[in-house]
Amino acid sequence: MADKEPFWETKSLNEMSKLEWESLCDGCGKCCLHKLEDIDTGEISVSNVSCAYLDEKTCKCKDYINRQDNVPDCIELDLKKLKKLEWLPPTCAYRLIDEGKKLYDWHYLISGSSKSIHEHGMSVRDYAVNENKISDIEEYILEWFNKNGSLF
Ligand code: SF4
Ligand code: SF4
């Protein structure tokens, strides 16, 4: 008998259970980087400065359960916010599924290993700088695409 089809290929985001939704996150840590908004143009820039609560090695929140008490503007992603957050990286699993695309091979649900994302350089590991270690965030603005046109 054929294996059951994976939920992320058969369900839309709004059909997923809470557990399925949570498990879809690839753990890249990119949404825990600070963004800056130009007050004149409204343009959003992304930095590689991370929230103080991000563990730069594991790319996980150090206190996920209490994240919104710790950081009131921490984003609790849902379908409504997903549609509005233009700065979400093109690699974000939620964005990919919402756009009808496939997950990348390095996503742990595909590879079977949570190390794959780091091995492929697709997380913020060794890239993010904790906000407690910097003085001027404007020196840390970045593009989601690197100089070679590849996703970092
Ligand atoms: S950018 Fe998307 S996939 Fe990556 S950590 Fe944030 S919510 Fe998860
Ligand atoms: S509180 Fe945790 S989940 Fe929220 S932005 Fe900071 S590190 Fe990320």
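The shown structure was predicted, so the numbers you read here are calculated from the model rather than taken from an experiment.

(A) Spatial organisation of the pairing of strand 2 (residues 44–50). With five of seven residues buried, strand 2 lies mostly within the body of the structure. Of the pairings in the sheet, the one linking strand 2 to strand 6 (residues 141–142) comprises two bridges and is antiparallel in character. The residue of strand 6 that forms the bridge with Val46 is Leu142. Inspection of the sheet shows strand 2 paired to strand 5 (residues 129–130) by two bridges, in the parallel sense.

(B) Region of the structure containing a negative patch on the surface. A contiguous patch of negative charge, built from Glu37, Asp38, Asp40 and Glu43, is present on the exposed surface. With respect to the secondary-structure elements, Asp38 resides in the loop between strand 1 (33–37) and strand 2.

(C) How the structure looks around the side chain of Glu56. By the element assignment, Glu56 lies in the loop between strand 3 (54–55) and strand 4 (60–61). With relative accessibility at 17%, the residue Glu56 sits in the buried group. At 3.5 Å, the side chain of Glu56 forms a polar contact with the backbone nitrogen of Asn130. Ignoring sequence-local partners within four residues, the contact set of Glu56 consists of Ser50, Val124, Arg125, Asp126, Ala128, Val129, Asn130 and Lys133.

(D) Geometry of unusual backbone geometry. Residue Cys59 is not a glycine yet carries a positive backbone phi of 65°. Mapped onto the fold, Cys59 is located in the loop between strand 3 and strand 4. For Cys59, a relative accessible area of 5% corresponds to the buried category. Positioned with a positive phi, Asp126 is a non-glycine residue whose angle comes to about 60°. When you line up the elements, Asp126 lands in the loop between helix 7 (116–119) and strand 5.

(E) Representation of the site of ligand 1. Near ligand 1 you find Cys25, Asp26, Cys28, Gly29, Cys31, Pro89, Cys92, Ala93 and Tyr94, and these make up its full shell. When grouped by side-chain class, the residues that make up the shell around ligand 1 number seven nonpolar, one polar and one charged.

(F) A look at the pattern of salt bridges. Going through the model one piece at a time under the given rule, you end up with seven salt bridges. Note that Lys83 is salt-bridged to Asp98, the shortest N-O span being 2.9 Å. Of this pair, Lys83 sits in helix 4 (residues 79–84) while Asp98 is found in helix 5 (residues 93–98), placing the two residues 15 residues apart along the sequence. We classify Asp98 as partly exposed; its relative accessible area is 30%. The partner of Lys101 in a salt bridge is Glu99, and the shortest N-O contact between them spans 2.9 Å. Given the relative accessible area of 47%, Lys101 is considered partly exposed. Of the residues examined, Glu99 reaches a relative accessible area of 39% and is grouped as partly exposed. Bridged by salt links that share partners, the residues Arg95, Glu99 and Lys101 form one connected network.

(G) Quick peek at the nonpolar core. Counting residues in hydrophobic clusters, the biggest one holds 18 residues, and the most contacted among them are Leu13, Leu24 and Tyr94. Elements supplying a minimum of two residues to this core: helix 1 (7–10), helix 2 (18–24) and helix 5. Apart from residues lying up to four places away in sequence, Leu24 is in contact with Trp8, Leu13, Met16, Ala93, Tyr94, Ile97, Leu103, His107 and Leu109. Counting five residues, the second-largest nonpolar core is a separate cluster that includes Leu33, Leu54, Cys59 and Val124.

About the thresholds
- Residues numbered from 1 in each chain as written.
- Chains lettered and ligands numbered in written order.
- Predicted model: local features only at pLDDT ≥ 70, side-chain atom pairs only at ≥ 80, totals over all residues.
- Heavy atoms only, no water.
- Buried < 20%, exposed > 50% of the residue type's maximum accessible area, 1.4 Å probe, protein only.
- Helix = DSSP H or I, 4+ residues; strand = E, 2+ residues; numbered from the N terminus.
- Pairing = 2+ DSSP bridges.
- Patch = residues over 30% accessible without salt bridge, like charges linked within 9 Å, V, L, I, M, F, W, Y side chains within 5 Å.
- Areas by Shrake-Rupley, 256 points an atom, 1.4 Å probe, with all protein chains shown as cover.
- Salt bridge = Lys/Arg side-chain N within 4 Å of Asp/Glu carboxyl O.
- Lys, Arg positive; Asp, Glu negative; His and termini not counted.
- Charge placed at Lys NZ, Arg CZ, Asp CG, Glu CD.
- Polar contact = N/O pair within 3.5 Å; in protein donor to acceptor, adjacent residues only side chain to side chain.
- Contact = heavy atoms within 4.5 Å.
- Near = heavy atom within 4 Å.
- Nonpolar A, V, L, I, M, F, W, Y, C, P; charged D, E, K, R; others polar.
- Core = buried A, V, L, I, M, F, W, Y, C linked by side-chain atoms within 4.5 Å.

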